[in-house]
Amino acid sequence: MSTCSTVILGTGSYAPERVLGNAELARMVETSDEWIRSRTGISERRLAATDENASDMGVIAAQRALAEAGLQPADIDLLIVATCTPDMPMPACACFIQHKLGLNTRTACFDLNAACSGFVYALDTACAMLTSGRYQKALVIGVEKLSSVIDWQDRTTCVLFGDGAGAAIVGKVDEVGRGLLGTRLGAFGEGTDLLYISHGGSRSPTTAESIAARDHCIRMKGKEVFKLAVRAMDEAARDILEQCHIRPDQISLVIPHQANLRIIEAISEYLELPMDRFVVNVDRYGNTSAASIPIALDEARRSGRIKTGDVTLLVAFGAGLTYGSALIRW
Ligand code: UT7
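Residues numbered from 1 in each chain as written. Predicted model: local features only at pLDDT ≥ 70, side-chain atom pairs only at ≥ 80, totals over all residues. Heavy atoms only, no water.

Enquirer: Can you help me understand the pattern of salt bridges in this one?
Expert: Close approach of charged atoms allows side chains of opposite charge to pair. Considering all chains together, one arrives at 15 salt bridges under this definition. The residue Arg37 makes a salt bridge to Asp33 at a minimum N-O spacing of 2.7 Å. Here Arg37 and its partner Asp33 are both found in helix 2 (residues 33-40), four residues apart, which amounts to about one turn of the helix. Overall, the relative accessible area of 42% leaves Arg37 in the partly exposed class. Note that Arg184 is salt-bridged to Asp239, the shortest N-O span being 2.7 Å. On the criterion of sequence distance, the pair formed by Arg184 in strand 8 (residues 179-187) and Asp239 in helix 8 (residues 222-243) is long-range, its members being 55 residues apart. Overall, the relative accessible area of 26% leaves Arg184 in the partly exposed class. Several salt bridges converge on common partners, so that one network encompasses Asp151, Asp154, Arg214 and Arg219. (Salt bridge = Lys/Arg side-chain N within 4 Å of Asp/Glu carboxyl O. Helix = DSSP H or I, 4+ residues; strand = E, 2+ residues; numbered from the N terminus. Buried < 20%, exposed > 50% of the residue type's maximum accessible area, 1.4 Å probe, protein only.)

Shown next, in the form of structure tokens:
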């Protein structure tokens, strides 16, 4: 039985400067501010500059997390970057970030692709690696430059996504019952055709034709994903609560993946928890995939919505179709 807990020591986030509002999108494709807000809850999203890479955004979020934790880059010996839009397919975004941040060359660095559930997967992985005793301090980043894989002519997807980064520093304390209490990860692999980028991988490398057809961009069967998202997030939330013997009313705050306000409202109804216990920032950032939960977590902490002793539920769903939940006691 472990005598230590893995705890979050600091968080940070970054959103690029450029704001793309619904009105501007309505001049690009046949849509309206009214449709986007009523169907998704999104008012605006942030876009990275052309020369601003996922690694650049990740570095800023990480620096803010390190500052809050009162730690130096040299203190980190494990870096996990959750992303599905790394700077390049190879090498890992984590290696770019390691170098730009000035992390030790003895830091284990790798990317993890679980799409929108990426941060929850990465947090669980980091905590397991810390608990093994072989690592002391982990930097976990969720970052996406989704604007680089959006088809700006497809109104069913281009209104939904945005860019950004969030980070957390994870360490250990000699105390049980604090920090990460448990996680529940899973995937419905039969749903790989519901949310995907078909070209640019080893099955269908990019060709002139695939670029012309914009097959390097995100495609989604939104309605099917919506239904599965609600079911999976509800189940993942219930499972972890049961596993940790915690009742829904003991949760002070839920930090759900920010894909659609209507999905968050459905989870609130299913768990019978009022919306004021949910962090919502999808209106300002849209869906930033792996960055969505760490950005929301950082904003919640910095605005004082999380206090010592509080229990927070993270719950996510994304392409794969992956899902994950985590319970944290602060
Ligand atoms: O982060 C990973 C997980 N991703 C998600 O969780 C996304 C899940 N899905 C969703 O959030 C929603 O399904 C969407 C927001 C993507 C779509 O909302 P919906 O209520 O399911 O709409 P729909 O796809 O059923 O489309 C309704 C109508 C269609 O027109 P018809 O066929 O009824 O004439 C669409 O063509 O709305 C039309 N439509 C639009 N109209 C204006 C689709 N996109 C737009 C648009 N502007 N941007």
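Still to come is the rest of the account.
Enquirer: Would you mind showing me how to read the environment of Ser5 here?
Expert: The topology assignment puts Ser5 in strand 1 (residues 5-14). Residues Ser5 and Glu224, 219 residues apart in the sequence, show an inter-C-alpha distance of 38 Å. Setting aside residues no more than four positions away along its own chain, Ser5 makes contact with Gly171, Lys172, Val173, Glu175, Val176, Gly177 and Arg178. Within the local environment of Ser5, its side chain forms a polar contact with the backbone oxygen of Glu175, the two atoms lying 2.4 Å apart. Within the structure, Ser5 has its side chain in polar contact with the backbone oxygen of Arg178 (distance 3.3 Å). (Contact = heavy atoms within 4.5 Å. Polar contact = N/O pair within 3.5 Å; in protein donor to acceptor, adjacent residues only side chain to side chain.)

Enquirer: Looking at this model, I keep getting lost on the packing of helix 8 against helix 9 (residues 261-270). Mind explaining?
Expert: The relative placement of two packed helices comes down to the angle between their axes together with the axis-to-axis distance. Between helix 8 and helix 9, the least distance of the axes is 10 Å, while the angle of their chain directions is 40 degrees. Viewed along their axes, helix 8 and helix 9 adopt a mutual orientation that is oblique. Between helix 8 and helix 9 lies a crossing whose hand is right-handed. Residues Phe226, Ala229, Val230, Met233, Asp234 and Arg238 of helix 8 pack against Arg262, Ile263, Ala266, Ile267 and Tyr270 of helix 9. Of the residues assigned to the contact of helix 8 with helix 9, the class counts are eight nonpolar, no polar and three charged. (Axes fitted to C-alpha atoms, helices over the stretch in contact; angles between N-to-C directions. Parallel < 35°, antiparallel > 145°, perpendicular 65-115°, else oblique. Left-handed = near helix turned anticlockwise from the far one by under 90°. Nonpolar A, V, L, I, M, F, W, Y, C, P; charged D, E, K, R; others polar.)

Enquirer: What should I look at first to understand the domain arrangement of the protein chain in this one?
Expert: On domain assignment, one finds that the protein chain holds domain 1 (5-177) and domain 2 (180-329). Between the C-alpha centres of domain 1 and domain 2 there is a distance of 14 Å. Counting residues at the interface gives 52 residues for domain 1 and 47 residues for domain 2. Summing both partners gives a buried area of about 3900 Å² for domain 1 against domain 2, and 59% of it is carried by carbon and sulfur. Together, Cys116, Val120 and Tyr121 form the three largest contributors to the area buried by domain 1 at its contact with domain 2, with a combined 16%. Taken together, the connections running from domain 1 to domain 2 amount to four salt bridges. The partner of Arg219 in a salt bridge is Asp154, and the shortest N-O contact between them spans 3.5 Å. Applying the counting criterion to the domain 1 and domain 2 interface returns 27 residue pairs in polar contact (both at pLDDT 80 or more). Counting residues per element, the ones that place at least two in the side of domain 1 that touches domain 2 are strand 1, helix 2, strand 3 (44-47), helix 3 (54-69), helix 5 (118-131), strand 6 (138-145) and strand 7 (163-173). (Domains from an automatic or database assignment. Buried area = accessible area lost by both parts, 1.4 Å probe.)

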